[in-house]
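Overview (structure and organization)
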Amino acid sequence: MDPVSACALDAAAPGQRVARPAIVRDLGRQPYAPVWHAMQRFTDARTDDTPDELWVVEHDPVFTLGQAGKDEHVLAPGDIPVLHVDRGGQVTYHGPGQIVVYPLLQLRRLGIGVRDYVCRIEQAIIDTLDEWNIGAERLDGAPGVYVGGAKVAALGIRVRRGCTFHGLAFNVAMDLEPFHRINPCGYQGLQVTSVVDLGGPSGMAAVTPVLLGHLARQFGLDLQPAADLPDLTDHD
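Residues numbered from 1 in each chain as written. Predicted model: local features only at pLDDT ≥ 70, side-chain atom pairs only at ≥ 80, totals over all residues. Heavy atoms only, no water.

**Regarding the UniProt feature "domain: BPL/LPL catalytic" (unreviewed entry) in the protein**
With numbering matched to this structure, UniProt assigns "domain: BPL/LPL catalytic" (unreviewed entry) to residues 48–223. Counting secondary structure, residues 48–223 comes out at 21% helix and 33% strand; the distance between its end C-alpha atoms is 19 Å. (UniProt positions renumbered as here; feature names shortened; annotations may be inferred. Helix = DSSP H or I, 4+ residues; strand = E, 2+ residues; numbered from the N terminus.)

Shown next, in the form of structure tokens:
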């Protein structure tokens, strides 16, 4: 199955309906664990009336292993901490210069399923890269976005009671060396790249609004920025 047919999007796209409001929170740079636990609390507490949110964050250096993650894929972490988390997927790296977006969405309200959700995130990233004439693609069976076989964006999601958390990590202008300390996403020798290395902008501020705009279009959202942050006190 080719990448396009594997992710054929539903004709009744959310973007073709009346846009639903969604709150955008820019968390700035944060350690991973408090944001992860805040996402869990938000998802557990939300009701059918809770507005959807998108959290945008840049993380301190950390390796995260998904639920099925194998420790053998962490080769030499050195001074970078390793966290076992409750998303899907294997191991990845988060660090400065990488845009992380956590869509906290209710899929039923959007009228889409999990596969469609993943495909729409990938398409938003592909469309973002196209703004700088960077041709990107998805690979069947390997979620994420790739340019010339090198991974520029990783996906790791969790759905609980029909609501999504965790999300996407998009390499903009970061030190890629830590990816050599792991088998990225569980693939030995997988090459990793970034927007700046592909000829795109080096500034997060240039890329983030474009990415958010494409995510809004894919999910039919009317984004409404909010200045206040979630409770990032780490209760665990």
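**Considerations on the sheet that holds strand β5 (residues 91–94)**
Strands sit in the order β4-β3-β5 across an open sheet of three strands; the sheet is mixed. Each of the sheet's edge strands pairs with one partner strand only, and the pair in question is β4 (82–84) and β5. For this sheet, the mean angle separating the axes of adjacent strands, direction not counted, is 25°. Of the pairings in the sheet, the one linking strand β3 (residues 62–65) to β5 comprises four bridges and is antiparallel in character. Residue pairing across strands places Leu65 opposite Val91, the latter belonging to β5. Of the strands in this sheet, β3, β4 and β5 touch helix α2 (residues 32–45), which is tilted by about 15° from β4. (Pairing = 2+ DSSP bridges. Axes fitted to C-alpha atoms, helices over the stretch in contact; angles between N-to-C directions. Contact = heavy atoms within 4.5 Å.)

**Details of the packing of aromatic side chains**
Counted under the stated rule, the structure contains five aromatic pairs. For the pair Phe42 and Trp55, a centre-to-centre distance of 6.0 Å together with 65° between the ring planes defines the contact as edge-to-face. Of this pair, Phe42 sits in helix α2 while Trp55 sits in strand β2 (residues 52–59), placing them 13 residues apart in sequence. One exposure class covers both Phe42 and Trp55, and it is buried. Ring geometry for Phe63 against Tyr93: centres 5.5 Å apart, planes inclined by 55°, an arrangement best described as tilted. In this pair, Phe63 sits in strand β3 while Tyr93 sits in strand β5, placing the two residues 30 residues apart along the sequence. When its relative accessible area of 0% is taken as the criterion, Phe63 is described as buried. Through successive ring pairs, a cluster of aromatic residues spans Phe63, Tyr93 and Phe179. (Phe/Tyr/Trp six-rings, centres within 6.5 Å; stacked < 30°, edge-to-face > 60°. Buried < 20%, exposed > 50% of the residue type's maximum accessible area, 1.4 Å probe, protein only.)

**Regarding the UniProt feature "active site" (unreviewed entry) in the protein**
Mapped onto this numbering, the UniProt entry gives "active site" (unreviewed entry) at Cys185. Mapped onto the elements, Cys185 comes out in the loop between β10 (163–171) and α5 (204–219). A residue is classified by how much of its surface remains accessible, and Cys185, at 18% relative accessible area, is buried. If near-sequence neighbours (up to four positions away) are discounted, Cys185 is found in contact with Gln90, Val91, Lys151 and Ala154.

**Structural notes on the confidence of the model for the protein**
Predicted confidence across the protein gives a mean pLDDT of 92, with 92% of residues reaching 70 or more. A low-confidence stretch, residues 1–5 (pLDDT under 50), is modelled with four contacts involving residues beyond four sequence positions or located in other chains. (pLDDT = per-residue confidence, 0-100.)

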